[in-house]
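Working through the structure, step by step
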Amino acid sequence: MNIEKFQDSMYKLIVETSTNLPKDVRRAILAAKERENEGTRSAMSLATIAKNIRMADENVSPICQDTGLPTFKIKVPVTANQIEMKKAIYSAISLATKDGKLRPNSVDSLSGENSGDNLGAGTPVIKFEQWENDYIDARLILKGGGCENKNIQYSLPCELEGLGRAGRDLDGIRKCVLHSVYQAQGQGCSAGFIGVGIGGDRSSGYELAKEQLFRSVDDINPHEDLRKLEDYIMDNANELGIGTMGFGGETTLLGCKVGVMNRIPASFFVSVAYNCWAFRRLGVKISPETGEVMDWLYQEGEKISFEEAQPARAEIAAAVEAPSVQEAITLTTPITEEQIRQLKVGDVVKITGMMYTGRDAIHKYLTDNDAPVDLNGQVIYHCGPVMLKDDEGQYHVKAAGPTTSIREEPYQGDIMKKFGIRAVIGKGGMGAKTLAALQEHGGVYLNAIGGAAQYYADCIKGVEGVDLMNFGIPEAMWHLKVQDFTAVVTMDSHGNSLHRDVEMTSLEKLSTFKDRVF
Ligand SMILES: O=C(O)C[C@H](O)C(=O)O
Ligand code: SF4
């Protein structure tokens, strides 16, 4: 095989997967968009998502800044040299990272050191399998961390909140799958896709669940019971009302694929792999002689370009059901306590001025250290961007959507009080400790649209500086100059939380699915 050509084919696969959402996923998102009631927050979030998909296409830039743990599944004729292919994939990964198509995401688990090129122990994941066909089938999934964290594994029998006992039968499995959608709330950037693996052990069960994510969204399960289960879940999960980004709404789930394998008598696992709407997985058929791409997979049928998407900023601004709020509220940083105390859940704000990124490493750091900049009245953005440095040493934002905020729950309230921070922006909401701190100190939580990394990158007009680069690009504190950065107040200083409300109503809904169906 021409290994340079193969490397080039792998580079193309990586770039396409990161920047160009597959056709089947686009169709599912369009169907959700059409189903959603006009004027709701979920409809408006979907409009932003649609616009983001289009921008990623046009800019050939990552749909979401979290390009995940690249996982390749490759089927090869017996004669293929897997060692050479692996090396070529490593080179392609490193090049795609250098070109800003992947975020440097491989981090030493103990020291936190970022390898900078996405290579390191266990990254990327490459799984080979031999087969008797005369071509190579190479598939790639870029599954981000926020949705990966919402994967869940059930060991049957078990008791499930809202649903009671889940026994060792199809109905018990049904309960687990519904529960998995409920427990994800908006944190995995709903509306999501789930892959379910029944049976196996703890590791092969998850493996089977993830394998389901390689099925086409619109295929039909040949196994009759599993087809019934998939249909049931698709018909009913949306009743939970979690909606896009957990804002409440008609569409919570975009796809459900279930696979089964044998188990041993003592174990009965139901494993669920949750994938966000930014469902980036593609595949190619490759000639084992030339190393060139013969065909692209998942690309049958019509390609939705989302051309007709309305200006998303205006749409978010309209995302408020409360008729009293017509206009987005403009805030210029630094922000005063008085301004913050006027905000309430449902308000849409547009922020102009400076914003500082801070996520896991920064929150831990700030707990024990002084801040490198004066954060009084400032805004912290939970974001790990994709950044590229030009020849003059100036950084440019290539993708910059929010990360899941709940990970900072142990630190957030204390840090806001310690430094006088007035607002945090992220996605998925935060918990009771932060809510209490917002009330005591005078702060707000602002929800941005998860995965809309191109849309937000566009609001960032300049990178004015960076601190703590030793934490690596995603974890450093970037000083961003923003204009009209639009987000929704979902937790205010008066003790209100949209996330708490949606969690409660969706739990009530979940309990209506208690009775036996299968
Ligand atoms: O790491 C990120 O940028 C985001 C992550 O995928 C998340 O959903 O929290
Ligand atoms: S930020 Fe959201 S869309 Fe992006 S990888 Fe994480 S869960 Fe997926």
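Residues numbered from 1 in each chain as written. Chains lettered and ligands numbered in written order. Predicted model: local features only at pLDDT ≥ 70, side-chain atom pairs only at ≥ 80, totals over all residues. Heavy atoms only, no water.

1. Describing the overall build of the chain
What the chain contains, in helices and strands, is 15 helices and 20 strands. Over its C-alpha trace the chain gives a radius of gyration of 23 Å, about what one expects of a compact globule, namely 24 Å for 518 residues. If one aligns the C-alpha atoms of the chain with their principal axes, the spans along those axes are about 70 × 65 × 45 Å. With 518 residues in all, the chain has 61% of them scored as buried. Of the contacts made within the chain by residues no fewer than 6 positions apart, 75% connect residues no fewer than 24 positions apart. Counting every atom, the chain has about 20,100 Å² of accessible surface; 48% of that belongs to carbon and sulfur. If the 56 positive side-chain charges of the chain are averaged to one point and the 70 negative ones to another, these points end up 2 Å apart. (Helix = DSSP H or I, 4+ residues; strand = E, 2+ residues; numbered from the N terminus. Rg over C-alpha atoms; globule rule 2.2 N^0.38 Å. Buried < 20%, exposed > 50% of the residue type's maximum accessible area, 1.4 Å probe, protein only. Contact = heavy atoms within 4.5 Å. Areas by Shrake-Rupley, 256 points an atom, 1.4 Å probe, with all protein chains shown as cover. Lys, Arg positive; Asp, Glu negative; His and termini not counted. Charge placed at Lys NZ, Arg CZ, Asp CG, Glu CD.)

2. Some words on the packing of helix H6 (residues 170-184) against helix H8 (residues 224-236)
For any two helices packed against each other, one specifies the inter-axial angle together with the distance between the axes. Between H6 and H8, the least distance of the axes is 11 Å, while the angle of their chain directions is 35°. The two elements H6 and H8 cross, and the hand of that crossing is right-handed. Side by side, H6 and H8 meet where Leu170, Ile173, Arg174, Val177 and Leu178 of the first sit next to Asp225, Leu229, Tyr232 and Ile233 of the second. The residue makeup of the contact of H6 with H8, split by class, is seven nonpolar, no polar and two charged. (Axes fitted to C-alpha atoms, helices over the stretch in contact; angles between N-to-C directions. Left-handed = near helix turned anticlockwise from the far one by under 90°. Nonpolar A, V, L, I, M, F, W, Y, C, P; charged D, E, K, R; others polar.)

3. Describing the site of ligand 2
Surveying the vicinity of ligand 2 reveals 14 residues, the closest of which are Cys64, Gly144, Cys189, Cys276 and Arg280. Class assignment of the residues belonging to the shell around ligand 2 gives a composition of six nonpolar, five polar and three charged. (Near = heavy atom within 4 Å.)

4. Points about the domain arrangement of the chain
Domain assignment breaks the chain into domain 1 (1-20 + 60-144 + 281-305), domain 2 (145-277) and domain 3 (320-502). Taken over C-alpha atoms, the centre of domain 1 sits 33 Å from the centre of domain 3. Contact residues are listed per partner, giving 14 residues for domain 1 and 17 residues for domain 3. Both faces considered, domain 1 and domain 3 share a buried interface measuring about 1,000 Å² in area, 57% of it formed by carbon and sulfur atoms. Considering only the surface of domain 1 that becomes buried against domain 3, Ser61, Gln65 and Arg103 emerge as the three largest contributors, covering 46% of it. Seen at the junction of domain 1 and domain 3, the total is four residue pairs in polar contact (both at pLDDT 80 or more). Class assignment for the residues of the side of domain 1 that touches domain 3 results in five nonpolar, six polar and three charged. (Domains from an automatic or database assignment. Buried area = accessible area lost by both parts, 1.4 Å probe. Polar contact = N/O pair within 3.5 Å; in protein donor to acceptor, adjacent residues only side chain to side chain.)

5. Some points on the packing of aromatic side chains
Summed over all chains, the structure comprises eight aromatic pairs. Relative to phenylalanine 485, the ring of tyrosine 381 lies with its centre 5.0 Å away and its plane at 75°, an arrangement referred to as edge-to-face. Of this pair, tyrosine 381 sits in strand E14 (residues 379-381) while phenylalanine 485 sits in strand E20 (residues 477-491), and the two are 104 residues apart along the sequence. Here tyrosine 381 falls in the buried class, since its relative accessible area comes to 0%. When its relative accessible area of 0% is taken as the criterion, phenylalanine 485 is described as buried. The rings of Tyr381, Tyr455, Tyr456 and Phe485 are connected pair by pair, giving a single aromatic cluster. The side chain of arginine 281 reaches across the aromatic face of phenylalanine 279, ending 4.6 Å from its centre. (Phe/Tyr/Trp six-rings, centres within 6.5 Å; stacked < 30°, edge-to-face > 60°. Lys NZ or Arg CZ within 6 Å of the ring centre and 35° of its normal.)

6. Points about the site of ligand 1
What surrounds ligand 1 is the set Gln65, Asp66, Arg103, Gly145, Gly146, Arg359, Thr403, Thr404, Arg407 and Lys427. In this structure, threonine 404 approaches ligand 1 through a side-chain N or O atom, which is 2.4 Å from an oxygen atom. In isolation ligand 1 offers 270 Å² of accessible surface; the protein chains occlude 93% of this area. Of the residues assigned to the shell around ligand 1, the class counts are no nonpolar, five polar and five charged. When residues of the shell around ligand 1 are assigned to domains, at least three map to each of domain 1 (1-20 + 60-144 + 281-305) and domain 3 (320-502).

7. Quick look at the UniProt feature "domain: Fe-S hydro-lyase tartrate dehydratase alpha-type catalytic" (unreviewed entry) in the chain
UniProt's feature table lists "domain: Fe-S hydro-lyase tartrate dehydratase alpha-type catalytic" (unreviewed entry) at residues 8-284, given in the numbering used throughout. Taken end to end, residues 8-284 is 38% helix and 21% strand, and its two terminal C-alpha atoms sit 12 Å from one another. (UniProt positions renumbered as here; feature names shortened; annotations may be inferred.)

8. Describing empty space enclosed by the protein
All told, the structure shown has one cavity of 30 Å³ or more when counted by the stated rule. Secondary-structure elements contributing two or more residues to the lining of the largest cavity are strand E7 (192-198) and strand E8 (253-260). When residues of the lining of the largest cavity are assigned to their parent elements, the largest contribution, three residues, is made by E8. Considered class by class, the residues forming the lining of the largest cavity number six nonpolar, two polar and two charged. (1 Å grid on protein atoms, 1.4 Å probe; cavity = no way out; pocket = protein on both sides within 12 Å on 5 of 7 lines; lining within 4 Å. Points joined across faces, edges and corners; volume = space filled by probe spheres on them.)

9. Some thoughts on the side chain of serine 42
Secondary-structure assignment places serine 42 in helix H3 (residues 41-59). Apart from residues lying up to four places away in sequence, serine 42 is in contact with Glu36, Gly243, Thr244, Gly248 and Gly249.

10. Looking at the pattern of salt bridges
Counted under the stated rule, the structure contains 31 salt bridges. In this structure, lysine 509 engages glutamate 239 in a salt bridge whose closest nitrogen and oxygen atoms are separated by 3.9 Å. Note that lysine 509 is positioned in helix H15 (residues 498-510) and glutamate 239 in the loop between H8 and E8, a separation of 270 residues in sequence. Linked by salt bridges that have partners in common, Lys73, Lys127, Glu207 and Glu211 make up one network. (Salt bridge = Lys/Arg side-chain N within 4 Å of Asp/Glu carboxyl O.)

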